[in-house]
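The residues making up each chain are set out below.
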Amino acid sequence: MARVVVITSGKGGVGKTTTSAALATGLALQGHKTAVIDFDVGLRNLDLIMGCERRVVYDFVNVINGDANLRQALIKDKRADNLFILPASQTRDKDALTTEGVEKVLTELAEEFEYIVCDSPAGIERGALMAAYFADEAIVVTNPEVSSVRDSDRMLGILASKTRKAEQGEGAIPARLLLTRYSPTRVDKGEMLSVEDVQEILSIDLLGVIPESQAVLNASNSGVPVVHEDGSEAGQAYLDAVARFLGEDRPHRFLVNEKKGFFGRLFGG
């Protein structure tokens, strides 16, 4: 039985697509057959981060409209054998995503895949609601700043009330927190919220903390999901999050500043 996972947030620019690419790639590298869908109709960024933008022929909306079948639209990832990408349409309107059409695609994917990762657009417009509607669980991505956390809290309310499970009386879908662009130095200076602050506001389990890192931007620009950059702290943090998602108990890293030794302080190292 496939698990449908929505990667969501209230605010744009917090790292949802980076997280969708990293989670889907990480699951595939662990041997799980995984599909990742871009729900951001009209913008379409997932294929860029996955490095397959030149291979897009058909897209999610083409499949919904019957212009192509699912096998024609799915793009096999070059780096992970178990990973397939379903890109969004760059030219269609978000209203092209119908409940019936999305359900049909997800049902067909569920026959072949273990995990279906839904990369949600920001906010609470139609694409975001469609990405969350059929989900079995959610990963809420937020930055450690007040506006981002507040918007994520609003999204938790939607996950509790506007999904199919909620409509069927099953309550909120399980949601876990992924905190991105975290800087212990800035936390110590009072420039951003701490992990504890964010957890206190949102009251959901912590899946992972991704440190602020140039490696994320470099990976996005080169079309390589950051989990492949396992020498970087961000890549390691995402791999940790994937392991926790799969049930492994791993301690959280990169939450505090490493104390410098005497010679490090003396010479500024």
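Definitions and limits used
- Residues numbered from 1 in each chain as written.
- Predicted model: local features only at pLDDT ≥ 70, side-chain atom pairs only at ≥ 80, totals over all residues.
- Heavy atoms only, no water.
- Helix = DSSP H or I, 4+ residues; strand = E, 2+ residues; numbered from the N terminus.
- Rg over C-alpha atoms; globule rule 2.2 N^0.38 Å.
- Buried < 20%, exposed > 50% of the residue type's maximum accessible area, 1.4 Å probe, protein only.
- Contact = heavy atoms within 4.5 Å.
- Areas by Shrake-Rupley, 256 points an atom, 1.4 Å probe, with all protein chains shown as cover.
- Lys, Arg positive; Asp, Glu negative; His and termini not counted.
- Charge placed at Lys NZ, Arg CZ, Asp CG, Glu CD.
- Salt bridge = Lys/Arg side-chain N within 4 Å of Asp/Glu carboxyl O.
- Expected span 1.5 Å × (residues − 1).
- Arc of directions from axis to C-beta.
- Phe/Tyr/Trp six-rings, centres within 6.5 Å; stacked < 30°, edge-to-face > 60°.

Draft legend 1. Region of the structure containing the overall build of the protein. Assigned secondary structure in the protein consists of 13 helices and 8 strands. For a compact globule of 269 residues, the expected C-alpha radius of gyration is about 18 Å, and the protein comes in at 19 Å, within 12% of that figure. Its C-alpha atoms give the protein principal-axis dimensions of roughly 65 × 40 × 35 Å. Relative to its full complement of 269 residues, the protein shows a buried share of 54%. Summarising the internal contacts of the protein: among those between residues at least 6 apart in sequence, 74% fall at separations of at least 24. Here the protein displays about 12500 Å² of accessible surface, and carbon together with sulfur accounts for 47% of that area. Here the protein contributes 30 positively and 39 negatively charged side chains, and the mean placements of these two sets differ by 3 Å.

Draft legend 2. Molecular detail of the pattern of salt bridges. Under the definition given, this model contains 16 salt bridges. The closest approach of N and O atoms between Glu112 and Lys33, which form a salt bridge, is 2.7 Å. Of this pair, Glu112 sits in the loop between helix H5 (99-110) and strand E5 (115-119) while Lys33 sits in the loop between helix H1 (16-29) and strand E2 (34-38); the two residues are 79 residues apart in sequence, bridging distant segments of the chain. With relative accessibility at 32%, the residue Glu112 sits in the partly exposed group. Of the charged contacts, one joins Glu170 and Lys165 as a salt bridge, the two residues approaching to 3.6 Å between their closest N and O atoms. The exposure class assigned to Lys165 is partly exposed, which follows from its relative accessible area of 25%.

Draft legend 3. Spotlight on the side chain of Asp119. Counting through the fold element by element, Asp119 comes out in strand E5. Of the side chains with opposite charge, Lys16 comes closest to the buried, unpaired Asp119, at an N-O distance of 6.4 Å. Beyond its immediate stretch of four places on either side in the chain, Asp119 contacts Ile7, Lys16, Thr17, Ser20, Ile37, Asp38, Phe39, Asp40 and Leu46.

Draft legend 4. Summary view of H5. Between its terminal C-alpha atoms H5 stretches 16 Å, which fits the 16 Å expected from 12 residues at 1.5 Å a residue. Of all the residues in H5, the buried ones are Gly101, Val102, Val105, Leu106 and Leu109. The buried residues of H5 occupy one face: seen down the axis, they fall within an arc of 125°. Within H5, the exposed residues directed more than 90 degrees away from the buried face are Glu100 and Lys104. Against E2, helix H3 (60-65), helix H4 (70-73), strand E4 (83-86), E5 and helix H6 (126-133) lie the buried residues of H5.

Draft legend 5. Region of interest: the environment of Pro121. Following the sequence through the fold, Pro121 ends up in the loop between E5 and H6. With 112 residues separating them in the primary sequence, Pro121 and Ser9 have C-alpha atoms 8.2 Å apart. In this structure Pro121 touches Lys16, Phe39, Asp40, Gly127 and Ala128, once residues within four positions along its chain are discounted.

Draft legend 6. The packing of aromatic side chains, seen in detail. Tallying each qualifying case throughout the model produces 4 aromatic pairs. For the ring pair Phe84 and Phe113, a centre distance of 5.6 Å and an interplane angle of 75° mean the geometry is edge-to-face. Of this pair, Phe84 sits in strand E4 while Phe113 sits in the loop between H5 and E5, and the two are 29 residues apart along the sequence. Judged by relative accessible area, which is 16%, Phe84 ranks as buried. For Phe113, a relative accessible area of 4% gives the class buried. Between Tyr133 and Phe134, the ring centres sit 4.8 Å apart and the planes meet at 90°, which makes this aromatic pair edge-to-face.

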